[in-house]
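Descriptive analysis of the structure
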Amino acid sequence: MNDFMRINVYSLSGIQFEGEAISLNVMTRAGEITILDYHRPLVSILEKGKAVITKLNGVKEEFAINSGFLEMNPYNELTVLMQ
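What you are looking at is a predicted structure, and each value in this text was computed from that prediction instead of being measured.

Some remarks on the environment of Asp3
Among the secondary structure elements, Asp3 is positioned in the segment before strand 1 (5-11). The exposure class assigned to Asp3 is exposed, which follows from its relative accessible area of 67%. When the C-alpha positions of Asp3 and Asn76 are compared, they lie 8.6 Å apart, and in sequence the two are 73 residues distant. If we ignore the near neighbours within four places in the chain, the residues touching Asp3 are Asp37 and Tyr38.

A short note on the pairing of strand 3 (residues 31-36)
Bridge count between strand 2 (residues 14-28) and strand 3: six bridges; the pairing is antiparallel. For Leu24, the partnering residue across the bridge sits in strand 3 and is Ile35. Between the end of strand 2 and the start of strand 3, which pair antiparallel, lie two residues.

Thoughts on the pattern of salt bridges
In the structure shown here, the tally under the stated rule is three salt bridges. Where Lys50 meets Glu62, a salt bridge forms, and the shortest distance between an N and an O atom there is 3.6 Å. Taken together, the residues Lys50 in strand 5 (residues 49-55) and Glu62 in strand 6 (residues 60-65) connect sequence positions twelve residues apart. On the basis of relative accessibility, which here comes to 46%, the residue Lys50 falls in the partly exposed class.

Digging into the side chain of Ser44
Assignment of secondary structure puts Ser44 in strand 4 (residues 42-46). Leave out the neighbours within four places in its chain, and Ser44 touches Thr28, Gly68, Phe69 and Leu70.

Reading the values: the criteria
Residues numbered from 1 in each chain as written. Predicted model: local features only at pLDDT ≥ 70, side-chain atom pairs only at ≥ 80, totals over all residues. Heavy atoms only, no water. Helix = DSSP H or I, 4+ residues; strand = E, 2+ residues; numbered from the N terminus. Buried < 20%, exposed > 50% of the residue type's maximum accessible area, 1.4 Å probe, protein only. Contact = heavy atoms within 4.5 Å. Pairing = 2+ DSSP bridges. Salt bridge = Lys/Arg side-chain N within 4 Å of Asp/Glu carboxyl O.

Below, the structure is given as structure tokens:
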């Protein structure tokens, strides 16, 4: 298992983010959610809005999202496919 959550964010234009982070905040069809270390496995459809990744040093990185989905696996890895 990873010490910190691994986040991979991909879009049609390529890799947007790859690395370890504290959290991801994003809008889904079910509402706004925050994913933290060792969140239960989850697949969710993303809504238009922004994704905010909080890196290990506390710096926040934002991405505009039109649509997409995310998957949190049992190995503390979060993958976001966005448009």
